[in-house]
Amino acid sequence: MSDSTHRRRYAIVGTGARARMYTRALVHEHRDQGRLVALCDSNRTRMDVHNRIVAEAGLDPVSAYPADSFTRMLREQAVEEVIVCTVDRLHADYVVAALEAGADAITEKPLTADLEGLRRISEAQARTGGRVTVGFNYRYNPVHRRVRSLIASGAIGEVGSVHFEWLLDVRHGADYFRRWHRDKDQSGGLLVHKAGHHFDLVNWWISARPEEVYASGRLFFYGQENGLRHGLAGDYTRGHGSPEAQEDPFALHMADSPDMRALYLEAEHEDGYRRDLNVFGAGITIEDDMSVLVRYDTGARLSYHLVAYAPWEGYRLSITGSRGRLELDMVESPHTDTAAHGPEAVRGMHPHRPDDVTARLWLRKHWQAPEEIPVKVGEGDHGGGDAHMLATLFGRVDDGIRPDHADGGHALVTGLCADASMASGRPVRVDELLA
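Keep in mind the model is a prediction, meaning the values are calculated, not measured.

## Quick word on the pattern of salt bridges
Then step 1. Per the counting criterion, the structure on display carries 31 salt bridges.
Then step 2. Between glutamate 81 and arginine 131 there is a salt bridge, with the nearest N and O atoms lying 3.2 Å from each other. With glutamate 81 in strand S4 (residues 81-84) and arginine 131 in the loop between helix H5 (115-128) and strand S6 (132-135), this residue pair connects regions lying 50 residues apart in the sequence.
Then step 3. Its salt-bridge partner being arginine 238, residue glutamate 268 comes within 2.5 Å of it at the nearest N-O pair.

Rendered as structure tokens:
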């Protein structure tokens, strides 16, 4: 727990949309545990948006530093912990610099985007002894915690296999193909950026580490060629200001949202970053349909599938053991439509409708009738995972869930091995990748 006489000093680097969750937490519900003392970004306009959040909470704006002054910020503001929300390929730069300066680091998932970054973080952590936390918020979802507790109790015996199917619908999935994530050099692809959540859950649920990975994947739905083949392509570069995009359900209309207009449209003049590219345009280097097989050090196997163009959103999980099987069906959005919903709705954005989220968990033991295990999805984003994670990060609770650099590394190498396997067409051993 945090010392009530000292509020830990935090800085945020990377002030896009996701970082707002941390800014709001530190100036509202967790202001007694932590103090936001600085922001750092290459874009001054986005930092100004975050400082407006600070001012609206009745606090004085915090110091804002350009990206090339990160280490100076750490020194001048006596930062104790850095929250890293930059593009994935830059995570390692800021985590390592924070550790070397004597600060701890919290990083949005994934830990980093490539093997070099993983090595740099691991070496810096070993050298400094600093704490690195990865923002795997799905661990904190109460349904996922229930799955772990059932497995740990021996309810299904020794785990032999896991089948995990994750569906991103055509609204949420599309969003990865209109922003920087569409460039594999920036994000590592969806098997690093998105599936890292899921690989971490499996590692955590079954207390295992990956040893060998085989994967196959392709860009089937998004991209210029596929859009033309499927009759979905629109003749525009970006959603904003394009008459051709007005009736396209795949187009993002940022001007609909004061928040997105402030964070992105009004910030473009500084760095040229466009958040609303055509998902059926050129230049996409990530896959949208991927299958992965993983062998773990316990002998368990995982079959995993991620698709980013489904008509509904959710996931199916089956974990089979020596004494039975757990089956989880989670629906996050039962269908997609072309309408925007609610006062904050943005055409083209994935709507957050908590009432749509449902979960059913079954325990099927050998020789016994199936038993439905009561579960309740938490309130807020990611099934309540975000709120619980923030409470852990800022010291209100300590329940042993907090994932560290090693956990982040195990999830990352699963994705990196999968990418390497797709490139080579053969299974890739983790020890070979790390050699």
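Here the narrative resumes.
## Quick word on the sheet that holds strand S12 (residues 324-333)
Then step 1. Reading across from one edge, S14-S13-S12-S11-S7-S10-S9-S8-S15 is the order of the nine strands in this open sheet, with mixed pairing throughout. Where the open sheet ends on each side, the last strands, each with one partner, are strand S14 (371-373) and strand S15 (428-429).
Then step 2. Both strand S7 (residues 159-169) and strand S11 (residues 313-321) contribute to a ladder of eight bridges, which runs antiparallel. Opposite valine 162, over in S11, you have isoleucine 319 as the bridge partner.
Then step 3. Strands S7, S11, S12, strand S13 (358-365) and S14 of the sheet are contacted by helix H6 (residues 142-152), whose axis makes an angle of about 175 degrees with S12.

## Concerning the side chain of threonine 23
Then step 1. Tracing the backbone through its elements, the reader meets threonine 23 in helix H1 (residues 20-27).
Then step 2. Looking at threonine 23, its side chain comes within polar contact range of the side chain of histidine 50, at 2.8 Å.
Then step 3. With residues near it in sequence (within four places) discarded, threonine 23 still touches Ile12, Leu36, His50, Ile53 and Val54.

## As for helix H2 (residues 44-56)
Then step 1. Compared with the 18 Å implied by 1.5 Å per residue over 13 residues, the 18 Å span of H2 between its first and last C-alpha is a close match.
Then step 2. Three or more residues of H2 are buried, namely Thr45, Arg46, Met47, Val49, His50, Asn51, Ile53 and Val54.
Then step 3. The secondary structure elements touched by the buried residues of H2 are H1, strand S2 (34-41), strand S3 (63-66), helix H12 (258-263) and helix H13 (268-271).
Then step 4. Two to three positions downstream of the cap, the backbone nitrogen of threonine 45 sits 3.0 Å from a side-chain oxygen, assigning the N-cap of H2 to asparagine 43.
Then step 5. Glycine 58, located one to two residues past H2, shows a positive phi value of around 85 degrees.

## A closer look at the sheet that holds S6
Then step 1. Taking strand neighbours across the sheet as the criterion, the six strands line up as S3-S2-S1-S4-S5-S6 in an open arrangement whose pairing is parallel. Looking at the sheet topology across the chains shown, the edges are occupied by S3 and S6. Averaged over all pairs of adjacent strands, the angle between their axes in this sheet comes to 25 degrees, without regard to strand direction.
Then step 2. Of the strand pairs in this sheet, strand S1 (residues 8-13) and S4 are connected by four bridges, and their pairing is parallel. By the bridge assignment, valine 13 is partnered in S4 with valine 84.

## Focus: the environment of leucine 326
Then step 1. If you trace the backbone, leucine 326 turns up in strand S12.
Then step 2. Separated by 97 residues in sequence, leucine 326 and arginine 229 place their C-alpha atoms 40 Å apart.
Then step 3. Residue contacts for leucine 326: discarding those within four places in its chain leaves Val147, Leu150, Ile151, Ile156, Leu317, Ser318, Ile319, Leu361, Trp362 and Leu363.

## Details of the environment of aspartate 104
Then step 1. Secondary-structure assignment places aspartate 104 in strand S5 (residues 104-108).
Then step 2. Taking the C-alpha atoms as reference points, aspartate 104 and valine 37, 67 residues apart in sequence, are found 15 Å from one another.
Then step 3. At 2.9 Å, the side chain of aspartate 104 forms a polar contact with the backbone nitrogen of arginine 131.

## Some details on the packing of H1 against helix H14 (residues 385-393)
Then step 1. Running from amino to carboxyl end, H1 crosses H14 at an angle of 60 degrees, the nearest separation of the two axes being 11 Å. By the criterion of interaxial angle, the relationship of H1 to H14 is oblique. The crossing of H1 and H14 is right-handed. On the side of H1, the interface is formed by Met21, Tyr22 and Ala25, while H14 contributes Asp386, Met389, Leu390 and Leu393.
Then step 2. Tallied by class, residues from the contact of H1 with H14 come to six nonpolar, no polar and one charged.

The rules behind these values
Residues numbered from 1 in each chain as written. Predicted model: local features only at pLDDT ≥ 70, side-chain atom pairs only at ≥ 80, totals over all residues. Heavy atoms only, no water. Salt bridge = Lys/Arg side-chain N within 4 Å of Asp/Glu carboxyl O. Helix = DSSP H or I, 4+ residues; strand = E, 2+ residues; numbered from the N terminus. Pairing = 2+ DSSP bridges. Contact = heavy atoms within 4.5 Å. Axes fitted to C-alpha atoms, helices over the stretch in contact; angles between N-to-C directions. Polar contact = N/O pair within 3.5 Å; in protein donor to acceptor, adjacent residues only side chain to side chain. Expected span 1.5 Å × (residues − 1). Buried < 20%, exposed > 50% of the residue type's maximum accessible area, 1.4 Å probe, protein only. Parallel < 35°, antiparallel > 145°, perpendicular 65-115°, else oblique. Left-handed = near helix turned anticlockwise from the far one by under 90°. Nonpolar A, V, L, I, M, F, W, Y, C, P; charged D, E, K, R; others polar.

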